[in-house]
Amino acid sequence: FNLALAKNDKVWQGRLQTTLGAILLRQEKLDTAFEVLEAAKTKLPRKDLPQVFTQMGYVMERRGLLSKAADYALEGLLLGESLKDQKAIAMAYSDLSNLFWKQSKFAKGIDYGLKSEEVFNQRGIADMDFSFTLYVIGNNYLALKDYPNALTYYKRALAMSERYQFYNNLADIY
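A brief report on the enclosed structure follows. Fair warning: this is a prediction, and the values are worked out from it, not measured in the lab.

Parameters and conventions
Residues numbered from 1 in each chain as written. Predicted model: local features only at pLDDT ≥ 70, side-chain atom pairs only at ≥ 80, totals over all residues. Heavy atoms only, no water. Helix = DSSP H or I, 4+ residues; strand = E, 2+ residues; numbered from the N terminus. Buried < 20%, exposed > 50% of the residue type's maximum accessible area, 1.4 Å probe, protein only. Contact = heavy atoms within 4.5 Å. Expected span 1.5 Å × (residues − 1). Phe/Tyr/Trp six-rings, centres within 6.5 Å; stacked < 30°, edge-to-face > 60°. Lys NZ or Arg CZ within 6 Å of the ring centre and 35° of its normal. Core = buried A, V, L, I, M, F, W, Y, C linked by side-chain atoms within 4.5 Å. 1 Å grid on protein atoms, 1.4 Å probe; cavity = no way out; pocket = protein on both sides within 12 Å on 5 of 7 lines; lining within 4 Å. Points joined across faces, edges and corners; volume = space filled by probe spheres on them. Nonpolar A, V, L, I, M, F, W, Y, C, P; charged D, E, K, R; others polar.

Another aspect to go through is the environment of L96. By the secondary structure assignment, L96 is in helix 6 (residues 86-102). Residue classification places L96 among the buried residues on the basis of a relative accessible area of 4%. Taking the C-alpha atoms as reference, L96 lies 12 Å from A107; in sequence the two are 11 residues apart. If near-sequence neighbours (up to four positions away) are discounted, L96 is found in contact with A70, A73, L74 and Y112.

Written as structure tokens, this is what we have:
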């Protein structure tokens, strides 16, 4: 970060602040995380903003403000669609699926989860976010007592997480 400051590179300052915001979020320093993400947002080009919106949504989710978290997911979705950014689109759908699950709106959670899965499949990259999406779809199916589909999605999430050693996801899936 000091090098980005010394070179007056606003974009890299913003990118590093986005990463710092994500770290602070995981440390449950929600107010500081949100402030850092707000600062990052002012320094980044449009193409980097979906990731900031995702992290801001996570802060709101941790605060229990699910409606506000959904607003950030929708903002990320609209921007992702305008940028034709598959990762941003898939993440927004995944976040909405998770938020619907938390609100006990399981059918909507499945709908958005399946949209996310479709975009992740088109993207062709098996990353931790894709694995988490499969897990969330499983959660929604489980809540509807559709045990065969829940198990199918949990197994897929598990296989991907074991293959690429996504330890955070493995703990959730098990």
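End to end, helix 7 (residues 106-123) covers 25 Å across 18 residues, agreeing with the expected 26 Å (1.5 Å per residue, within 8%). When we look at burial in helix 7, the residues that qualify are F106, G109, I110, G113, S116, E117, V119 and F120. Residues of helix 7 that are buried make contact with helix 6, helix 8 (128-143) and helix 9 (147-164). Where helix 7 ends, the next residue or the one after it, G124, has phi of about 80°, a positive value.

Here we come to the packing of aromatic side chains. Tallied over the full model, the rule gives 9 aromatic pairs. Judged by centre distance (5.9 Å) and plane angle (50°), the rings of Y93 and Y112 are tilted. You can see Y93 sitting in helix 6 and its partner Y112 sitting in helix 7, a full 19 residues away along the chain. Looking at Y112, the relative accessible area reads 22%, which means it is partly exposed. Ring centres of Y164 and F166 lie 5.8 Å apart, and the angle between their planes is 25°; this geometry places the pair in the stacked category. What makes Y164 partly exposed here is its relative accessible area of 37%. Site record: aromatic cluster; members linked through ring pairs are F34, F53 and Y72. The ring of F34 is capped by R63, whose NZ or CZ atom sits 5.5 Å from the centre of that ring.

With that settled, consider the nonpolar core. Counting 49 residues, the largest nonpolar core has M56 and V59 as its most contacted members. Broken down by element, the residue count for this core peaks at 8 residues, all from helix 6. If we ignore the near neighbours within four places in the chain, the residues touching M56 are F34, L37, E38, K41 and Y72.

For the structure shown, the criterion picks out 1 cavity of 30 Å³ or more. Considering only enclosed or pocket space, the largest cavity measures out at about 40 Å³ in volume. If you go around the largest cavity, the residues you meet are P50, F53, T54, Y72, A73, G76, A88, M91 and A92. Mapped by element, the contributors of at least two residues to the lining of the largest cavity are helix 4 (49-62), helix 5 (66-83) and helix 6. Class assignment of the residues belonging to the lining of the largest cavity gives a composition of 7 nonpolar, 2 polar and no charged.

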